[in-house]
Amino acid sequence: MKVIAFNGSARKNGNTAILIKEVFSELDAEGIETEMIQLAGKKIRGCIACGKCFDNQNRRCAIDNDFANECIEKMLEADGIILGSPTYFADVTTETKALIDRAGFVSRANSFMFKRKIGAAVVAVRRAGAIHVFDSINHFFLISQMIVPGSSYWNIGIGRAIGEVEQDEEGLETMRTLGRNMAWLLKKTQE
Ligand SMILES: Cc1cc2nc3c(=O)[nH]c(=O)nc-3n(C[C@H](O)[C@H](O)[C@H](O)COP(=O)(O)O)c2cc1C
């Protein structure tokens, strides 16, 4: 079993990465393989609405000159998908949104190829807007026929400078609980 996480932050080792690693700590303890993919510095453009993914039905985006298809392949291989994003102007980062639109459309064009995989959002925030980010990511999972486990609070960690999120003990605990619930659900759905 494998969980792939995408860190949509511009800061590879920032607060979002720290929160994802906290989820990973519980998945690792349950023997579930984990991998984090950084979107920072990668070229990934938005969907151009060409609709070719519906013609080709080859589980790939027709734009084949950026990072999206590598991410889509990784999503397909995994049993669980984490999309992590910091809050940028009360929304997901541009890179995260590009991945959602590209992967989401390819999934729909290919008989909902992420169907029944487990999905979880992870959000870093300085002060406000994180719920909207959390919702945006969950919209992608839910419309893709994926299964979304809960935690003891919404999956949000608070901090501004790199590492500040480590002071948010409730946020970290929310991530660990999410990791345990993901592991439980992954095992149930693989039975
Ligand atoms: C362009 C930009 C926009 C931001 N917008 C918000 C915002 O709307 N609300 C907020 O609370 N924090 C906002 N922040 C702060 C980040 O969400 C916060 O620093 C977060 O911890 C960054 O996570 P990271 O270290 O993974 O990049 C913004 C930061 C940047 C760079």
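Located above this text is the structure these notes cover.
Read on for a plain summary of the structure. (Residues numbered from 1 in each chain as written. Predicted model: local features only at pLDDT ≥ 70, side-chain atom pairs only at ≥ 80, totals over all residues. Heavy atoms only, no water.)

1. What about the overall build of the protein chain?
- Along the backbone of the protein chain there are six helices and five strands.
- In the protein chain, the succession of helices and strands from N to C terminus is β-α-β-α-α-β-α-β-α-β-α.
- For 191 residues, the compact-globule estimate of 2.2 N^0.38 gives 16 Å, and the protein chain sits close to it at 16 Å.
- Its C-alpha atoms put the protein chain at 50 × 40 × 25 Å along the principal axes.
- For the protein chain, contacts bridging at least 24 residues in sequence account for 76% of all contacts bridging at least 6.
- Accessible surface, the protein chain as shown: approximately 9100 Å² in total, 48% of it carbon and sulfur.
- Taking the 24 positively charged and 24 negatively charged side chains of the protein chain as two groups, their mean positions are separated by 5 Å. (Helix = DSSP H or I, 4+ residues; strand = E, 2+ residues; numbered from the N terminus. Rg over C-alpha atoms; globule rule 2.2 N^0.38 Å. Contact = heavy atoms within 4.5 Å. Areas by Shrake-Rupley, 256 points an atom, 1.4 Å probe, with all protein chains shown as cover. Lys, Arg positive; Asp, Glu negative; His and termini not counted. Charge placed at Lys NZ, Arg CZ, Asp CG, Glu CD.)

2. Here's the deal with the site of the ligand
- As a structural note, the neighbourhood of the ligand is formed by 17 residues, with Ser9, Thr16, Arg127, Ala128 and Gly159 the closest of them.
- Within the side chain of Ser9, one N or O atom sits 2.5 Å away from an oxygen atom of the ligand.
- The set of elements that each furnish at least two residues to the shell around the ligand consists of helix H1 (15-29) and strand S4 (118-125).
- Taken together, the residues of the shell around the ligand sort by class into seven nonpolar, six polar and four charged. (Near = heavy atom within 4 Å. Polar contact = N/O pair within 3.5 Å; in protein donor to acceptor, adjacent residues only side chain to side chain. Nonpolar A, V, L, I, M, F, W, Y, C, P; charged D, E, K, R; others polar.)

3. Focus: the packing of aromatic side chains
- Going through the model one piece at a time under the given rule, you end up with three aromatic pairs.
- Ring geometry for Phe54 against Phe105: centres 5.4 Å apart, planes inclined by 80°, an arrangement best described as edge-to-face. Placement of Phe54 in helix H2 (residues 52-56) and of Phe105 in helix H4 (residues 94-109) is noted, with a sequence separation of 51 residues between them.
- Its relative accessible area of 37% is what places Phe54 among the partly exposed residues.
- The partly exposed category is assigned to Phe105, whose relative accessible area is 34%.
- The lysine or arginine in question, Lys42, covers the ring of Phe67, its NZ or CZ lying 4.8 Å from the ring centre. (Phe/Tyr/Trp six-rings, centres within 6.5 Å; stacked < 30°, edge-to-face > 60°. Buried < 20%, exposed > 50% of the residue type's maximum accessible area, 1.4 Å probe, protein only. Lys NZ or Arg CZ within 6 Å of the ring centre and 35° of its normal.)

4. Thoughts on the packing of helix H3 (residues 68-77) against H4
- Closest axis-to-axis distance for the H3/H4 pair is 10 Å, and the angle between their directions is 60°. One element, H3, and the other, H4, form an angle in the oblique class. The chirality of how H3 crosses H4 is right-handed. Here H3 contributes Ala68, Cys71, Ile72 and Met75 to the contact with H4, which in turn contributes Leu99, Arg102, Ala103 and Val106.
- Classifying every residue of the contact of H3 with H4 gives seven nonpolar, no polar and one charged. (Axes fitted to C-alpha atoms, helices over the stretch in contact; angles between N-to-C directions. Parallel < 35°, antiparallel > 145°, perpendicular 65-115°, else oblique. Left-handed = near helix turned anticlockwise from the far one by under 90°.)

5. Examining the environment of Arg160
- Within the element layout of this structure, Arg160 appears in the loop between strand S5 (156-158) and helix H6 (169-189).
- For the pair Arg160 and Arg126, spaced 34 residues apart in sequence, the C-alpha to C-alpha distance is 4.7 Å.
- Apart from residues lying up to four places away in sequence, Arg160 is in contact with Arg11, Asn15 and Arg126.

6. Topic: the pairing of strand S2 (residues 33-38)
- Sheet analysis places strand S1 (residues 2-7) next to S2, joined by six bridges and oriented parallel. What sits directly across from Ile4, in S2, is Glu35.
- In this fold, S1 hands off to H1, which returns the chain to S2; that crossover is right-handed. (Pairing = 2+ DSSP bridges. Right-handed = clockwise from strand over helix to strand, strands pointing away.)

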